[in-house]
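The chain contents come next:
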Amino acid sequence: MSLPPYACGLLLFVTSQLFIVTPAGADGQAEKKLQSIQPADVFLHVALVRDELELIRFEMGRPNNHLAQIAVSNAAPREVFFQALTLFHKADRLAYEQTRERVNEPKIPQGEILTGHVWQVVDAALQRIRRVKNELGIVEKSVSGIRDADKRPTDVFRVIAQADRQLNLLLERRFASSDVFKQVTLAIAYSARLLSHFDGTQRIAATPPYQRGKRPVDVYHRLVAVLARLQKIAQQSGLAMLTLGDVNDTAEITPSDVYDIASVLVAELAYLHQQLGSIEAPLTPHYPGRKFPADVYQRAGILEAQLVTLQREVAVAPDWLHGKGSTE
Amino acid sequence: MKNDTINILLVEDDEVDVMNVQRAFKKNHINNELYVAGNGIEALAMLRGDGVETIIPKPKIILLDINMPRMNGIEFLTELRADPAFRSISVFVLTTSNDDKDRIAAYDLNVAGYILKPVELDSFIEAVATLNLYWTLTELPL
């Protein structure tokens, strides 16, 4: 049975209210609902985002994203969550550019990140996109598609990444090196906390030489190498992480793509940090001012050096995440 | 005046830059006690003892970043200069902001210097060495 468009909208509205309004006694119900959400539901929700973005893109006369899907496998809900968070950041920036209104970003869950949490973030992004749609006076409606129960977190990751790229093409102020710089700085802060677990290690490595003229693609490659090292550290620690495949057309790499991979790094480091339990999480860095890819490349060098140290330490103590916790 | 006994407050939200200042102090054998605040609000709290331990004796030098969350460098300076207890503190802005607006605002609020953070660590260490020489030569108010 297919529902009319208004009924789909109503259904979505009711579902979203379940997560927003949690009166006393309803917490358990909301938690149950959160746990019942499957990747197929999130995939369907992202498809709505994509359709709404297409309506906005057409209205604004902006280009279509033609980049090939990102080659990723073995994604877990936590990795998809952080990818969804980048979707929200871009949607919020678009909404700000069009309406001058801002909203708070969704909170990062304290415990295990579930598919339901991803749904909440995607929904928050969808609301921002719909705010833009209303502002632009677009009346066409997007209709929910058919649910495919076979969808996995990796499928959701890929479709969010594509929506991310399309969103970037709608922005007046596209995601730039300063945004990537912030993410890399956050990754450094997480790594510093991980290193503080090992006595005698340098928490933040010395700043490497500044290399002028670096481009986003150089930063991208450096971060891919850092991610590969982090995967090895995770393997040594008995944890699984997503796998990123080769990018065929690196000539088209933009700061937005670099931002996305930096967000994956933050997600993975936050996950390791969460395993340690007792160390306070770092704060999201503030806007650092104008930055060039060379600045980000230099900072990524600090991150790389930190992970070299971490890998060395973890090789000696692979059960570090099951130890006593922080020494800080 | 022997200035290596005076306290210095660094107001900086970026952990990498905090580490760079600490490294520069060590390299230049600067033995002054260095306190760190993550933004203007934290810095004011540390100066006034609002909910945290007061820095005693009061810092005579502040190294201040501009782009920070909650209260940025210019907002902090405005508060600092409005407070008779702290208006004589020497403030050096240490920032990546090359914005004329920030520079003018900072000098309007009587900063002792506005220094762009060098991107090379060695140059940064040299800049801190020069600052140290400056405040060692300078007679600061009691």
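Residues numbered from 1 in each chain as written. Chains lettered and ligands numbered in written order. Predicted model: local features only at pLDDT ≥ 70, side-chain atom pairs only at ≥ 80, totals over all residues. Heavy atoms only, no water.

Draft legend 1. Geometry of the overall build of chain B. The helix and strand tally for chain B stands at five helices and five strands. Listed by position from the N terminus, the elements making up chain B come as β-α-β-α-β-α-β-α-β-α. Its C-alpha atoms give chain B a radius of gyration of 14 Å, near enough to 14 Å, the size a compact globule of 142 residues would have. Dimensions along the principal axes, computed over C-alpha positions, put chain B at roughly 35 × 35 × 25 Å. A burial count over chain B gives 51% of its 142 residues as buried. Within chain B, contacts between residues at least 6 apart in sequence are counted, and of these 68% link residues at least 24 apart. Taken as a whole, chain B presents about 6900 Å² of accessible surface, with 53% of it coming from carbon and sulfur. (Helix = DSSP H or I, 4+ residues; strand = E, 2+ residues; numbered from the N terminus. Rg over C-alpha atoms; globule rule 2.2 N^0.38 Å. Buried < 20%, exposed > 50% of the residue type's maximum accessible area, 1.4 Å probe, protein only. Contact = heavy atoms within 4.5 Å. Areas by Shrake-Rupley, 256 points an atom, 1.4 Å probe, with all protein chains shown as cover.)

Draft legend 2. Broad picture of empty space enclosed by the protein. Residues and elements named next belong to chain A. Throughout the structure, instances matching the rule amount to four cavities of 30 Å³ or more. Taken as a whole, the largest cavity encloses approximately 90 Å³ of empty space. Around the largest cavity sit Ile70, Gln83, Phe157, Ala161, Arg165, Tyr220, Leu244, Asp257, Asp260, Ile261 and Val264, which together line it. Counting only elements with at least two residues in the lining of the largest cavity, the list comes to helix H6 (153-170) and helix H9 (255-276). With four residues, the single largest contributor to the lining of the largest cavity is H9. Considered class by class, the residues forming the lining of the largest cavity number seven nonpolar, one polar and three charged. (1 Å grid on protein atoms, 1.4 Å probe; cavity = no way out; pocket = protein on both sides within 12 Å on 5 of 7 lines; lining within 4 Å. Points joined across faces, edges and corners; volume = space filled by probe spheres on them. Nonpolar A, V, L, I, M, F, W, Y, C, P; charged D, E, K, R; others polar.)

Draft legend 3. Focus on the nonpolar core. Ranked by size, the top nonpolar core spans 94 residues in total, and within it Ile160(A), Val184(A), Leu223(A), Leu272(A), Leu303(A), Leu310(A) and Trp320(A) carry the most contacts. Counting residues per element, this core draws most heavily on H9(A), at 13 residues. Once residues within four sequence positions are removed from consideration, Ile160(A) is found in contact with Val46(A), Val80(A), Gln83(A), Ala84(A), Leu87(A), Val118(A) and Val122(A). With 25 residues, the next largest nonpolar core counts Val11(B), Ala37(B), Phe76(B) and Ala106(B) among its residues. (Core = buried A, V, L, I, M, F, W, Y, C linked by side-chain atoms within 4.5 Å.)

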